[in-house]
Every structure is written in structure tokens, then in C-alpha cells.
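Residue strings, one per chain:
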Amino acid sequence: MDITVKLEIFEGPLDLLLHLIKKNEVSITDIPIATITEQYLATLELMQSLNLDVAGEFLVMAATLIHIKSRMLLPPGEEEDDDEEGSDPREELMRQLLEYQRFKEAAEELEKREILKRDVFVRSPEPPEEVETIGFDEVSLFDLLSALRRIFERLPKEDVHEVTLEKVSLREKMQCLLDELHRRGRLVFQSFFENVASRLELVVTFLAMLELVRIRALRMTQEEGAGPIMLELAAPLEEVQDRIGNEKIGEEHGA
Amino acid sequence: MERNELKSVLESLLFVADAPVPLVQLADVLGGIHRKEIEAALEELQSEYETGRRGLRLVEVAHGFQMRTPKEHAEWIKRLYQGRPARMSRATLETLAIVAYKQPITRSEIETIRGVDVDGVLSTLLERRLIRIVARKDVPGRPYLYGTTAEFLEMFNLKDLTHLPTLKEMEEMTVSSPDSESPPESSQQ
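What you are looking at is a predicted structure, and each value in this text was computed from that prediction instead of being measured.

1. Here's the deal with the overall build of chain A
Okay, step 1: Helix and strand counts for chain A stand at 9 helices and 3 strands.
Okay, step 2: Sequence-ordered secondary structure for chain A, helices as α and strands as β, is α-α-α-α-α-α-β-α-β-β-α-α.
Okay, step 3: Out of the 255 residues belonging to chain A, those deemed buried represent 29%.
Okay, step 4: Taking the intrachain contacts of chain A between residues at least 6 apart in sequence as the baseline, contacts between residues at least 24 apart amount to 69%.

Below, the structure is given as C-alpha cells:
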């Protein structure tokens, strides 16, 4: 199985860092570099194991973090470049994060305004084709990955003896998820993994969710902060099924 | 022209217009009527819509005046259209915010702030006419400089760029380094 998922909600390395900083309840201006680096690398590894398209920028940032971490270990004054003597090796990163965060907040402010064709409308000869923008209370990929990591950890250790060649197709899984949501309405993210037996099934379930989000069949929301991640249909079931019929699903353009 | 008639004409003009109409253009159309008078009439219309709890509002946006529906009616209008929503992703919105506040700005300057490639996002924004190329920067390679459009102001209900919400200052940063004893001016030498 070779599926590469490229997500529209996919954000960059600075987003991942901000996410980790928030999750660890630490300050941008005093980043515990060892902890954050470790979690950053763990997330990258998870993303790669899920075949998420890990852009080069993520790897560059990984290298930067490791470099900073090593410089932090040097006693002050023994740094290579003396013009930076005594300066905090984290400073450049900190500046970058603060700058980025400012614009992230600015974007959130813009998002709260009365947006044309979402909140307010003008007389127009054609029906609007853009009705909503992604709300900032919706879930970021990193929130999802954190939730998934906890589920991975709970999964029973792989039974080495058991050879099950059950095939879990992505399309089937997507259908299952939709049926479940249609029957039961809003559901918690974790509930879809309760009966998952293998790592493979877990990965397929997760990818099915991402695909459904991509084709806008599924909406994920999270209460402010670290509340539970909720899933619901983003459109009526029949419409969504049409969409699945028309869309290319990951596995078909994979190799 | 008597006040009530003026209001009535303005209402018709704004109803048929397909974009916000600047005051100068209204004055032009209504040749001979003083701008002050038009402004007063617009203001009256504005409050009549408001207090009459009508299904329209007269809004000053993107350097002009426009009829819009009130926010409370959004759900009904969406039901009417049942349109398939095209969404604006966070990446798009963030990039747009950077262009809005830092314009004119080049692609690589945006990328420095966001830490990721913004090629795709920029073409989406250009396509949707929320940003435009305003000039070329006078540096090697002469890269394009991007800025926002009137459509951007219209979309986010802004009269003009000075009405953008104020950008949060980076105060956290200055507060956090009390032990850096050198004042910023000394860095000149």
C-alpha cells in the first residue's frame, strides 16, 4: 500500500512548533529545546509513517532545532562565532516564531470579521460559490496527530504469530465512517478507533478521515483549547456519496 | 432635489451597482447636488435600514457604499443557494494577512515569515482577486511585489486599509530580555 496524502489543512514547521509550545504550556521566549526537539522529531516520524507528505521545510527545521540544542550544550563564550558571544542560540527561532504568531493572530482577527458570502451577502447575478471559510476552531493536523499518537500507544503490541491478510480498503473505510456518522450524528474522534485491532487498520481509518475532510464530506471541530475532537458529516449523506464517486481517492493515484 | 427623493435615488443606484460605489461617483451621477447633502442622505438611509429592521444594510466598505444583508440572515441565504462551499484554508488566510499588513511584499519575504512555500496559495489568492501584483522590487531578479485589492476590502468588510485590526506588537519579546544591557541604538557602530 503506497498512499501519499497531501492535505490542504497541512501547515508548516512553525505551526508544528507553536502547537508543541502551546501543548507543553511553555513560553516562546523560553523554549525547552530538548523536549520540544524530541516531540518535533517524534511527530515528523509519525507523519512519515502515515505517508503524509512531509515537506523539505520540516526537515530543515529539524536540523535547526538539533543545531540549537547542541549549541545550548556548549558553555557560554565557547561558541564558534564570537560576534554572537553570550547570545541565546534560540533567539533567531524565537524571533521567527513571534513574528509568525503575530500574523497567525492577524489571520484569526480577519476570520472573525463579517465576511462577504459567508456572513453578509450582496445582490449578485450569480450564486456565490464561496460560502464558508475554515473556522479557526477547527482542528489542525497536529491536534489530530497528537490524538492519534495516544491511540497508537494504547494499541496492543503487535501479535507476531498472527498472520491476518485482511484487506482494509480506504474506500470501504470511508464508507464505514460515513454510515456510522449518518446513523449516530456527531462522534468523538477516539470512538472510531475503539475496535481497531491492528496498526494497519488504524492507519487506514485515519487516512480515510483525512480523505473525507479533503473532499469536504467530513467536518472536524474542537472546542477551544484541548477539548475532544468531534466529527460530523459536512453535507447530506447522498451528496457526500456522489462526491466520493467522483473523486479520485488516494490509493488510485498512488503507485 | 428634495431629501426624500434623493434618498430614493441613492437607494436605486446602490441596488443596481455590482460593487461598492464611491461617494465621488455618486456625486458625479447626481451632478449638482452637494457632496455634504449626499453624505447626509446616505447616513439617514443607513439608520433607516438599521432601525426599520429591514433585510438590507447600507454599509461603507472598500472606499464606497454597498447594500448588504445583515449577518443574522446568513443561514437563510445559504439555504437559498445551497451552494457547495469552496473554502479558504488557514494557509490562504494567513498568507493574505501577511500581504495585507506588509504590502508591498515579495513572495520570498512571505515565505520567510510563514516558513513554508507559498507558491500555490499565492496563485489561489491572485485567481480570487484578493491580491494583485503591484510592482517589481528593485533588487536582483526583480521579484514581484504583491498587495491587496478592493475585493479584499469588500470581502472582509473594511472601509480601507487603515481599518485593518491593529497588529499585536511583539511586546512579549522586549519584556523577556531584561538582561540584554545594551540599548538598541548602540548596535549602529
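That covers the picture; the talk isn't over yet.
2. Re the overall build of chain B
Okay, step 1: The helix and strand tally for chain B stands at 9 helices and 4 strands.
Okay, step 2: Tracing chain B from N to C terminus, the helices and strands come up as α-α-α-β-β-α-α-α-α-β-β-α-α.
Okay, step 3: Per-residue burial for chain B yields a buried fraction of 27% across its 189 residues.
Okay, step 4: A separation of at least 24 residues holds for 50% of the contacts in chain B among residues at least 6 apart in sequence.

3. Some points on the confidence of the model for chain A
Residues and elements named next belong to chain A.
Okay, step 1: Of all residues in chain A, 76% have pLDDT values of 70 or greater, and the mean over the chain is 78.
Okay, step 2: The least confident element of chain A is helix 9 (residues 250-253), whose mean pLDDT is 46; the most confident is helix 4 (residues 91-112), at 92.
Okay, step 3: Scored below 50 in pLDDT, residues 5-9 shows 17 contacts in the model against residues more than four places distant or in partner chains.
Okay, step 4: With pLDDT under 50 throughout, residues 130-137 is counted as low confidence; its partners more than four residues away or in other chains account for 26 contacts.

4. Some details on the environment of B:Phe156
Okay, step 1: Inspection of the secondary structure assignment puts B:Phe156 in the loop between helix 8 (150-155) and helix 9 (171-176).
Okay, step 2: Owing to 25 C-beta atoms within 10 Å, B:Phe156 belongs among the buried residues under this scheme.
Okay, step 3: Expressed as a C-alpha distance, the spacing of B:Phe156 and B:Val61, which sit 95 residues apart in the sequence, is 8.9 Å.
Okay, step 4: Once residues lying within four places of it in the same chain are set aside, the contact partners of B:Phe156 are A:Leu110, A:Arg113 and A:Ile115.

5. A short note on the environment of A:Thr37
Residue and element names in this part refer to chain A.
Okay, step 1: Position of Thr 37 among the secondary structure elements: in helix 2 (residues 33-49).
Okay, step 2: Since 20 C-beta atoms lie within 10 Å of it, Thr 37 is described here as buried.
Okay, step 3: Residues Thr 37 and Thr 64 lie 27 residues apart in sequence; the distance between their C-alpha atoms is 9.6 Å.
Okay, step 4: What Thr 37 contacts, discounting residues up to four positions off in sequence, is Leu 65, Ile 66 and Lys 69.

6. Things to note about the nonpolar core
Across soluble globular proteins, nonpolar side chains have a tendency to be buried as a group.
Okay, step 1: If you look at the biggest cluster of nonpolar residues, it comprises 91 residues, and the most contacted ones within it are A:Ala208, A:Met209, A:Leu212, B:Leu96, B:Ala97 and B:Val99.
Okay, step 2: With 9 residues, the single largest contributor to this core is helix 7 (residues 199-214) of chain A.
Okay, step 3: Apart from residues no more than four positions distant in its own chain, B:Ala97 is found in contact with A:Phe103, A:Ala106, A:Ala107 and A:Leu110.

7. Some points on the confidence of the model for chain B
Okay, step 1: When the pLDDT values of chain B are averaged, the result is 85; 86% of them are 70 or greater.
Okay, step 2: Within the model, pLDDT remains below 50 along residues 171-189 of chain B, and this stretch shows 5 contacts once partners closer than five positions in the same chain are excluded.

8. A short note on helix 6 (residues 107-114) of chain B
Okay, step 1: Buried within helix 6 of chain B we find B:Ile110, B:Ile113 and B:Arg114. Down the axis of helix 6 of chain B, the sector holding all buried residues measures 90°, keeping them to one side.
Okay, step 2: Looking at the buried positions of helix 6 of chain B, the neighbouring elements they touch are helix 1 (13-23) and helix 4 of chain A together with helix 5 (90-102) of chain B.
Okay, step 3: Taken from the residues just after helix 6 of chain B, B:Gly115 is the one with a positive phi, measuring 75°.

9. Concerning the packing of helix 1 of chain A against helix 4 of chain A
Residue and element names in this part refer to chain A.
Okay, step 1: Where helix 1 meets helix 4, the axes come as close as 10 Å, and the angle between the chain directions of the two elements is 95°. In terms of their interaxial angle, helix 1 and helix 4 are classed as roughly perpendicular. Of the residues in helix 4, those in contact with Leu 14, Leu 17 and Leu 18 of helix 1 are Gln 96, Leu 97, Tyr 100 and Gln 101.
Okay, step 2: Considering only residue class, the contact of helix 1 with helix 4 consists of 5 nonpolar, 2 polar and no charged.

10. Things to note about helix 5 (residues 141-154) of chain A
Residues and elements named next belong to chain A.
Okay, step 1: Over its 14 residues, helix 5 extends 20 Å from the first C-alpha to the last, a length consistent with the 20 Å expected when each residue adds 1.5 Å.
Okay, step 2: All buried positions along helix 5 are accounted for by Leu 141, Phe 142, Leu 144, Leu 145, Ala 147 and Leu 148.
Okay, step 3: Contacts made by the buried residues of helix 5 are with helix 1, helix 2, helix 7 and strand 3 (229-233).

What counts and how
- Residues numbered from 1 in each chain as written.
- Chains lettered and ligands numbered in written order.
- Predicted model: local features only at pLDDT ≥ 70, side-chain atom pairs only at ≥ 80, totals over all residues.
- Helix = DSSP H or I, 4+ residues; strand = E, 2+ residues; numbered from the N terminus.
- Buried ≥ 20, exposed ≤ 12 C-beta atoms within 10 Å, placed from the backbone.
- Contact = placed C-beta atoms within 7 Å.
- pLDDT = per-residue confidence, 0-100.
- Core = buried A, V, L, I, M, F, W, Y, C linked by C-beta atoms within 7 Å.
- Arc of directions from axis to C-beta.
- Axes fitted to C-alpha atoms, helices over the stretch in contact; angles between N-to-C directions.
- Parallel < 35°, antiparallel > 145°, perpendicular 65-115°, else oblique.
- Nonpolar A, V, L, I, M, F, W, Y, C, P; charged D, E, K, R; others polar.
- Expected span 1.5 Å × (residues − 1).

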